[in-house]
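# Descriptive analysis of the structure
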Amino acid sequence: MAQNSKRPECVLGFYQVVEQPNGEISGGVLITSHLGRPIEFQCSLPVRPNATQRTLYGPTLRPFLVGELIAGALRDRLQVLPDVLFVDQPDALNQQAWRSIPILCSTEADNSATVQINGNATYWIIPEQEKDVEKILKKMAEYVPESADLQEPLIRVEQALKEAMGQAA
Amino acid sequence: MNDDGKCMGTAVPRLPAPADQLRLPAPALPQFDSDFDVTVTQTGINVALHRWPKLQVQEQKLITSAGFIPGWKPYWHKPKTIQIAFPDFIDFQKKPEEKREEVRSIKPPVPQGGEENKAVRKCVTRIQPPADALSMEDRLFYILQPPLESWLAGQELVMPFEPFSYQYEGIAWLFAQKSALLADEMGLGKTMQSITAIRLLLRSGQVRRVLLVCPKPLIPNWQREFRLWAEELPVTTMEGDANRRKMLREMKSIPILLTNYEILVRDLQNVDEEELPGFDLVVLDESQRIKNRESVTSQVIRRIPRVRSWSLTGTPIENRPEELASLFEFMGVVPARSTPDLRQLKRLSDLYILRRTKEVAQPDMPPRLDRDAILELSSCQKSTYEIAEKEGVVHLDDMGDEITIQHVFELVLRLKQITNYDPLTGESAKLDRLIADMEEISASGGKAILFSQWTKTIDWIAERTGQFGSMVYHGGVPTKKREPILKEFKENPDKHLLLMSYGTGAVGLNLQFSQYVFLYDRWWNPAVEDQAINRAHRIGVKNPVIVTRFICKDTIEERIDLVLRQKREIFEKVLGEGDVSTESLSLNASEVFGLFDLKAKAGKGTRSIGPQGKDQEKAA
C-alpha cells in the first residue's frame, strides 16, 4: 500500500458557475486526474454586483464576473493548476484569469476557433491559444481514455455549487 | 464706448510672448460703432453719476493640462473561496498478470456525441452525501466523486463483471455511510457490494484498516470473492496460534483483516480497553449473530474502536424487532442499552438500512417454484414412527409437572429423524422419492442441492446416492476441504447432488448453477430455509429454481408445517408487504407443546425453541 502523491500525468480542470435568481453568481473549479478522480476543488462564495457596477459594466458585467473576477480568485487559490480547463459557458472562455492554461469551451463563443476531440466533440477555443491547445490535445490523447465523458465533471461542480450555495443561504 | 454710449473696440498693442509660454496673439479689434445704447450706472441708482467703462482686449495664456478631474474607479473585492482537498489515491501492488479467461472487463460508459445521443446517455450512479453529514466539506467530498460507472469502468479499477444498477446504488450508499445495515434479500450480492465499497474507500484513502468478521464457514467464500472483485487488495485471514493472531491484529499495515466470530471473541474477550486494536471500518457479515445485545459476541464486538460500522444480513430481524436495536447499537446510532420503540426503529431503519428484494431489484430473474412433496411413510417406517410417538407422549404425560420444553423438543427431533428414515429397517419414503427425482435430474445433466438438519442423515443419504455423484458438505467436513468440494461440484459434470446441512451450507455460498433444491427435512424457521434455497436462487441464475419440500403425511412434520403456514399468514396480514422473511416464524414453546396437545409451562410461552445456533447438527 503506497500513497500516490505525485502529480498525475495529465491534470484536468473543470470550471463552472451557477447563477441564482437573485443575481448572485458563484463559481467552482474541480481539478481531477486524467481519469476523473478529484484532486482539488475550489469554489467562491456568491458574488452580487451592486447597482453602480451593473450600470458601469452594462452588458459586459457577466463576462467580467465569470471570466475575470471569479475565475481569477479561484485560480489564485488553486494549489494544483490544471493542464487544460474545460468550461461550458462562453463567458468563461477568457484568457485573462487563466493566463496560459488552455481553455476548451463546449458551447459556441464569439471570436473563437474550434477544435475536435476524439473526432466527434467540438470545442471552442481562444484563437491565441491554438498552439497550446494542440499540445494539450496530444497529451490528452495519450492519457485520457477515449471513453472519458469530459462534460460529466461539470455536472459535479454544478451540484457542488448548488449544495454550497444552499448551505451558505 | 464713445460719448454717445456706443460701444467701440480699441486696439491694444500686443506684448511679445515669452519663449516658454504658448501665447496666442490677441485678435485685432477694429474700431466700430455699436448699434445699441449702453448706460452703465455706477451705483445702480443714480443714472446721472456714471462714467464710461474702458474696454480692452488682452492676450491670455491657454490651459494645456486638465488638472484635477473628479473620477471613480470600480473596486471589486476578490470573492472568498472554499477549498476541498482530496486524499491521495492509494496504490496497491498489483498481482502478477494471470490469464483469467472467465473474467472480462466491463465496458466503460461511452460518451456519445450529438443531440440524439445525449438523450440516451447512460444512467450514472452518483454518490450522495449521507443524511448525517453536516459539514459542507463532508458533503462536497461525496458530491464531487465521479459516478461509480466511470470510476469502476476499468480505468483505475477493474471490475470483472458489470454490476447491476441496484448494486451500483448499494455501493454508492455504503461508500457514504458511516453506519450502515445492508439487508438485501439473500442472493442479491451483498458480498460484492461490500467488497467494492471497501475497495473504493481504501483506494480513495478514506479508510486504512478494515476488519471483516464472518461465520467461520464463510471465510473461504470471502477470500474467493475478494480475489474476484478486488484482486489488488491484500486480504489477511486471522489464523494460526494466539501469538500470530495477536501480531496480525496489531500490524497497522494490514488493510483488510478477515476473521470469524469465534476467534475474534476468543482473542479480544480479555483484552484491556486501551489495548484493543482500532479500525477505520468494521464489517459484520451475517450480523444477526449479534442480535442478542447481552451475548459475549455482541459485547466484545461493540468494544472494538472503529470509525465506520457496517452490518450485512438478509434477515435483520429473525425473532423480534428489538433485535434491530442490538445492530443499531453496534452501528453507533442508538445509545448503549437503549430500547427504541417501533416508531424510532422505523425512523432509524429509513436512515441506516438499505434493503431490496429480488422482486424489486431483479424483476426479470427466473422464478423460484416451490412445491411440497407430501409423502406416505413406508409401512415399516410408519410402524416405527407410531410406536415412538405413542411411547413418547405417554412418557411426557407421565412426567407431569416435571415436563419441560426440552423433553418435548427431544421427542420432536426423534420423530423427525424417523420421518427421514427408519433406523431399524433403513426404509425411507423420502429417499425413494429423492432417487426417483434425481434419476431424471442427472439424466438431463442438472444439479441439485439437498439440505438436512442432521449430518448423520446426510451421511446416510450419501451412502445411498453414489450413482448421482453425491458430495457431502457439512460441519463435519474440514474447512480446507470445503472449497474443493464446491469447485468440483460446479465443474464436474458427473456430480449431480450436493448434500448440505442448514448450519454449514445455508449462508453465503453461491450455487446458482443448481436448478433444484431439496429440503429433506424442515428447519424451525422458514427464514433459514429461505437462506438455504437462495444458495441456488440468486443473482446469476439462468433458469427457474425448483424447490421441493419433503413432508411426511400424518406426522409431526405435517403439523409443524401447518403451524408455520398459519404464522406466515398472520405476519403477512400484519406487515402487509409480503416481506415476511425477516420476521419470526419460528415455533415458540406453546406451539411445540401444542404439537402433542400438551400445555406449555407458564412464563415460557413465547420462547423460541429453535436451536440457538445453526450448528447444532452434531447434536443429533
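Heads up: the structure comes first, above all this text.
Now for a quick tour of the structure. Keep in mind that what you see is a predicted model, and the values were worked out from it rather than measured. (Residues numbered from 1 in each chain as written. Chains lettered and ligands numbered in written order. Predicted model: local features only at pLDDT ≥ 70, side-chain atom pairs only at ≥ 80, totals over all residues. Heavy atoms only, no water.)

## Concerning the overall build of chain B
The line we're drawing: Helix and strand labels come from DSSP, where a helix needs a run of H or I of at least four residues and a strand needs a run of E of at least two; each type is numbered from the N terminus. Only protein chains enter the accessibility calculation, which uses a 1.4 Å probe. A residue is then buried if its area is under 20% of the maximum for its type, exposed if over 50%, and partly exposed in between. Pairs of residues are marked as contacts when any of their non-hydrogen atoms sit within 4.5 Å. Working definition of accessibility: Shrake-Rupley area with a 1.4 Å probe, residue cover restricted to the visible protein chains.
Each helix and strand counted, chain B has 21 helices and 15 strands in total. Counting all 620 residues of chain B, 52% fall into the buried class. Within chain B, contacts between residues at least 6 apart in sequence are counted, and of these 76% link residues at least 24 apart. Counting every atom, chain B has about 30,900 Å² of accessible surface; 52% of that belongs to carbon and sulfur.

## Description of unusual backbone geometry
Positive phi, normally seen in glycine, also occurs at Arg99 of chain A, with a value near 50°. Note that Arg99 of chain A resides in the loop between helix H3 (95–98) and strand S6 (103–105). Positive phi, close to 50°, is recorded for Glu286 of chain B, a residue that is not glycine. Locating Glu286 of chain B in the fold gives a position in the loop between strand S7 (279–285) and helix H9 (296–303).

## Considerations on the nonpolar core
Going by this rule: The definition of a nonpolar core used throughout is a set of buried Ala, Val, Leu, Ile, Met, Phe, Trp, Tyr and Cys residues joined through side-chain atoms within 4.5 Å.
Of all hydrophobic cores here, the largest spans 80 residues; its most connected members are Phe41, Phe86, Leu104 and Met140 of chain A together with Ile198 of chain B. Residues contacting Leu104 of chain A, with those up to four places away along its chain left out, are Val84, Leu85, Phe86, Val87, Val115, Ile117, Tyr123, Trp124, Ile125, Val133 and Leu137 of chain A. Judged by nonpolar contacts, the second largest core, of 63 residues, contains Leu377, Ala429, Val541 and Ile556 of chain B.

## Quick look at the side chain of Arg482 of chain B
All names here are of chain B. Selection criterion: N or O atoms closer than or at 3.5 Å make up a polar contact, with two conditions inside protein: a donor-capable atom paired with an acceptor-capable one, and, for residues adjacent in sequence, both atoms drawn from side chains.
In this fold, Arg482 is placed in helix H17 (residues 479–491). The exposure class assigned to Arg482 is buried, which follows from its relative accessible area of 8%. At 2.9 Å, the side chain of Arg482 and the backbone oxygen of Val477 are in polar contact. Those residues in contact with Arg482 that sit more than four places away from it in its chain are Pro217, Tyr473, His474, Gly475, Val477 and Thr504.

## What to know about the sheet that holds strand S6 (residues 256–260) of chain B
Strand pairing within a sheet occurs via backbone hydrogen bonds; the two strands may be parallel or antiparallel. Residue and element names in this part refer to chain B. Using the following cut-off: Strand pairing is assigned whenever DSSP identifies at least 2 bridges connecting the two strands. Here, axes are lines fitted to C-alpha atoms. For helices the fit covers the stretch in contact, and angles between N-to-C directions go from 0 to 180 degrees.
Reading across the sheet, the seven strands line up as S5-S6-S4-S7-S8-S3-S9 and stay open at both edges, with parallel pairing between neighbours. Strands at the two margins of the open sheet, each flanked by one partner only, are strand S5 (235–237) and strand S9 (353–354). Pairing analysis gives three bridges linking S5 to S6, with the strands arranged parallel. Its bridge partner lying in S6, Thr237 is registered against Leu258. Together, strand S4 (210–214), S6 and S7 form the strand contacts of helix H8 (residues 261–268), whose direction differs from that of S6 by roughly 95°.

## Section: helix H4 (residues 130–143) of chain A
Residues and elements named next belong to chain A. Quick note on the threshold: The span expected for a helix works out to 1.5 Å for each residue beyond the first. The arc in question is the one spanned by the directions pointing from the helix axis to the C-beta atoms.
In this model, H4 (14 residues) spans 20 Å end to end at C-alpha, consistent with the 20 Å of a helix rising 1.5 Å per residue. Taken together, the buried positions of H4 are Val133, Ile136, Leu137 and Met140. Across the axial projection of H4, the buried residues extend over an arc of 110°, all falling on one side. For H4, exposure combined with an orientation more than 90 degrees from the buried face picks out Lys131, Glu134, Lys135, Lys138 and Glu142. Elements that come into contact with the buried residues of H4 comprise strand S2 (12–19), strand S5 (84–87), S6, strand S7 (113–117) and strand S8 (121–125).

## Some words on the interface of chain B and chain A
Selection criterion: A quick way to say it: buried area is the sum, across both parts, of accessible area lost when two parts are put together, with a 1.4 Å probe. Residue polarity follows a fixed list, in which Ala, Val, Leu, Ile, Met, Phe, Trp, Tyr, Cys and Pro are nonpolar, Asp, Glu, Lys and Arg are charged, and the others, Gly among them, are polar.
Between chain B and chain A, the contact holds 41 residues from the first and 49 residues from the second. For the pair chain B and chain A, the summed buried surface comes to about 4,100 Å²; carbon and sulfur atoms form 60% of the total. Applying the counting rule to chain B against chain A returns 12 residue pairs in polar contact (both at pLDDT 80 or more). Contributing elements (two or more residues each) for the side of chain B that touches chain A: strand S1 (81–85), strand S2 (89–91) and helix H2 (136–143) of chain B. Of the residues belonging to the side of chain B that touches chain A, the class tally is 24 nonpolar, eight polar and nine charged. Judged from the five bridges that link them, strand S4 (residues 38–44) of chain A and S1 of chain B form a sheet pairing that is antiparallel. Each bridged residue has a counterpart across the sheet, and for Phe41 of chain A the counterpart in S1 of chain B is Ile84 of chain B.

## Thoughts on the pattern of salt bridges
Residues and elements named next belong to chain B. Counted only if it meets this: Salt bridges, as used here, are contacts in which a Lys or Arg side-chain nitrogen is within 4 Å of a carboxyl oxygen on Asp or Glu.
Under the criterion given, the structure shown has 35 salt bridges over all chains. Linking Glu232 and Arg199 is a salt bridge whose minimum nitrogen-to-oxygen distance equals 2.9 Å. Highlighted residues: Glu232 in the loop between helix H6 (219–229) and S5 and Arg199 in helix H5 (residues 190–203), separated in sequence by 33 residues. One exposure class covers both Glu232 and Arg199, and it is buried. With a shortest N-O distance of 3.5 Å, Glu273 and Arg303 are connected by a salt bridge. Of the two residues, Glu273 is situated in the loop between H8 and S7 and Arg303 in helix H9; the sequence distance between them amounts to 30 residues.

No statement about biological role is implied by the geometric values presented.
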